[in-house]
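If you want the building blocks of each chain, they are given just below.
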Amino acid sequence: MASHFRSAEQQGSDGAEQPEAVVPEAAPQAEIADSNDSSASQSDPLEEVHVVTAAEPADPAEQPGFTSVFAPLADEDGPAVSRTGTPTVSFRNVTLIYPAQPNKPALDEVGLDIYPGEFVFIVGHSGSGKSSLLRLVTRELRATSGQVMVAGQDLTKMKNKKVPYLRRQIGTVYQDFKLLPDKTVYENVAFALECIGKPRSIIKAQVPEVLRLVGLGERMEHFPDQLSGGEQQRVSVARAMVNRPPLLVCDEPTGNLDPAISLGIMKLLDRINRAGTTVVMATHDREMVDSMRKRVIALEAGRVVRDQEKGGYGYYGAL
Ligand SMILES: Nc1ncnc2c1ncn2[C@@H]1O[C@H](COP(=O)(O)OP(=O)(O)OP(=O)(O)O)[C@@H](O)[C@H]1O
C-alpha cells in the first residue's frame, strides 16, 4: 500500500527554528490550530484525491466510485497487509527518559516497525509506556535517544515548525474525548478543518458526511453534554478522520465506555482501518484485543516484550 503521507519538509516554510519545548499533554487536535499556517493549500495531493466538494450531491456515498474513510462492515478478515516499503511508524533503539524520573526510562531501547494499513494494539500494565510511545509518534515528546520515524520523516530531527504539518496527517482519539464543550457536534468537527484553512464549501460538505458515517447525522446541532459517552467518542473519531489522515493514533479510546458501546467504537475504527488508514491503539481492553485478533505489541517497563500477529491480550511477559 502506498504511503499517503506528505513530507513535512515539503510543507513548511524555511526559517529559524523555534526553541524546542516539551509539548504539554494537551490535545494534538488543538495543535492542528496553527493559525499561521498559510500552506493549508488546496494543491495538497492527499486532499485533492479525497476532497468532497460542495458541488456534489447531498449524499456523496451514493455516487459511483465514492471512496470513504470508512469501509463497509465486513465479517471476514481484512486484506493481509504486506510489510514492504517504508514503514508508517518505525522506532530504532528508542529511549525516553522524563526529567522527573531520570533513573527510570519510560521507554527503553524500543524497536518496532508498523506498516501502512496495519492495525496494531499496544498493550501492557499501567505505566509500561504505552502513552509515552504514542506521544513520540505525534511528536508531543522527543526521544531521549534513538530514532523515531513516521512515514520516513525523522521526528527526532524534525524542527518544531514542521510539527503542525505532521500532526494534520495523524488523527488522534483519546479516552476523554477532548471535545470543546461550547461548540456543537458540527462545530467541533468543523473546527479541525477551519484550523488548517479549509474553505467553507469543503467544510460544509465534509463535516456532515463524516458525521453521518459515524451515525451522528441527526445530532449535529447538539452540544457534547447532550450526548452519551459513546456518541461523544464518535464525534472525536469523526474529528480525527475528517481530514482523512493516513494514520490514526488512539490512546484508550474505549476506556470510558461500557462494553457494548466500546464494541461500536471498535467496529468504527476497524472500518477506518479496512479503508486503508493505519491504526495504532493503546488499550487495556482485554476482551476487545482478544476478539479483534490484530497485531499486538506488549510493553513491560518500557520494553517491547511481545510482538505478535493476530495476538491476544495475553500475559505481558510471554514472548
Ligand atoms: N510527564 C511525566 N513525567 C515523569 N514521568 C512520567 C511522565 N509521564 C509518564 N511518566 C512515567 O513514564 C512511565 C510510562 O508512563 P505511560 O503513561 O507512558 O504508561 P502507560 O502504559 O500509558 O500507563 P497507563 O496505562 O496507566 O496510561 C511511567 O513510569 C510513568 O510514571
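Keep in mind the model is a prediction, meaning the values are calculated, not measured. (Residues numbered from 1 in each chain as written. Predicted model: local features only at pLDDT ≥ 70, side-chain atom pairs only at ≥ 80, totals over all residues. Heavy atoms only, no water.)

1. A short note on the site of the ligand
No. 1: Near the ligand there are 14 residues, and of these Lys104, Ser126, Lys130, Ser132 and His284 occur at the shortest range.
No. 2: A distance of 2.8 Å is found between an oxygen atom of the ligand and a backbone nitrogen or oxygen belonging to Gly127.
No. 3: Between an oxygen atom of the ligand and a side-chain N or O atom of Ser132, the distance comes to 2.6 Å.
No. 4: Against a free-state accessible area of 630 Å², the protein chains account for coverage of 67% of the ligand.
No. 5: Taken together, the residues of the shell around the ligand break down into three nonpolar, nine polar and two charged. (Near = heavy atom within 4 Å. Polar contact = N/O pair within 3.5 Å; in protein donor to acceptor, adjacent residues only side chain to side chain. Areas by Shrake-Rupley, 256 points an atom, 1.4 Å probe, with all protein chains shown as cover. Nonpolar A, V, L, I, M, F, W, Y, C, P; charged D, E, K, R; others polar.)

2. Concerning the environment of Ala151
No. 1: Here Ala151 lies in the loop between β4 (145-150) and β5 (153-154).
No. 2: Exposure remark for Ala151: the relative accessible area of 18% places this residue in the buried category.
No. 3: A sequence separation of 65 residues divides Ala151 from Thr86, and the C-alpha atoms of the two residues are 6.6 Å apart. (Helix = DSSP H or I, 4+ residues; strand = E, 2+ residues; numbered from the N terminus. Buried < 20%, exposed > 50% of the residue type's maximum accessible area, 1.4 Å probe, protein only.)

3. What about the confidence of the model for the protein?
No. 1: On average, the protein scores 80 in pLDDT, and the residues at 70 or more come to 73%.
No. 2: In this model, residues 8-67 is a region of pLDDT below 50 whose contacts with residues beyond four sequence positions or in other chains number 97 contacts. (pLDDT = per-residue confidence, 0-100. Contact = heavy atoms within 4.5 Å.)

4. So, the sheet that holds strand β2 (residues 107-114)
No. 1: Taken together, four strands build an open sheet; the order of strands is β2-β1-β4-β5 and the sheet is antiparallel. Only two strands of the sheet have a single neighbouring strand rather than two, namely β2 and β5.
No. 2: As paired strands, strand β1 (residues 89-96) and β4 are joined by five bridges and run antiparallel to one another. Residue pairing across strands places Thr95 opposite Ser145, the latter belonging to β4.
No. 3: Its contacts with the sheet place helix α4 (residues 130-137) against β1, β2 and β4, and it is angled at close to 120 degrees to β1. (Pairing = 2+ DSSP bridges. Axes fitted to C-alpha atoms, helices over the stretch in contact; angles between N-to-C directions.)

5. Here we look at the sheet that holds strand β7 (residues 247-251)
No. 1: With respect to topology, six strands assemble into an open sheet ordered β6-β7-β8-β3-β9-β10, the strand pairing being mixed. Every other strand in the sheet has two partners, leaving β6 (170-174) and β10 (303-308) as the edge strands with one partner each. With strand direction ignored, the average angle separating the axes of adjacent strands in the sheet is 15 degrees.
No. 2: Sheet topology note: the strand β9 (residues 295-300)/β10 ladder contains five bridges and is antiparallel. When the sheet's bridge partners are listed, Ile297 is paired in β10 with Asp307.

6. Some words on the pattern of salt bridges
No. 1: Scanning all chains against the criterion turns up 13 salt bridges.
No. 2: Note that Arg83 is salt-bridged to Glu309, the shortest N-O span being 2.1 Å. Here Arg83, found in the loop between α3 (45-50) and β1, pairs with Glu309, found in the segment after β10; they are 226 residues apart in sequence, far enough to count as distant.
No. 3: On the accessibility criterion, Glu309 (47% relative accessible area) is partly exposed.
No. 4: Several salt bridges converge on common partners, so that one network encompasses Arg83, Glu118, Arg295, Asp307 and Glu309. (Salt bridge = Lys/Arg side-chain N within 4 Å of Asp/Glu carboxyl O.)

7. A short note on a negative patch on the surface
No. 1: Together, Asp182, Glu187, Glu194 and Glu221 give the surface a local cluster of negative charge.
No. 2: Along the chain, Glu187 falls in helix α6 (residues 185-194).
No. 3: Since its relative accessible area comes to 36%, Glu187 is described here as partly exposed. (Patch = residues over 30% accessible without salt bridge, like charges linked within 9 Å, V, L, I, M, F, W, Y side chains within 5 Å. Lys, Arg positive; Asp, Glu negative; His and termini not counted. Charge placed at Lys NZ, Arg CZ, Asp CG, Glu CD.)

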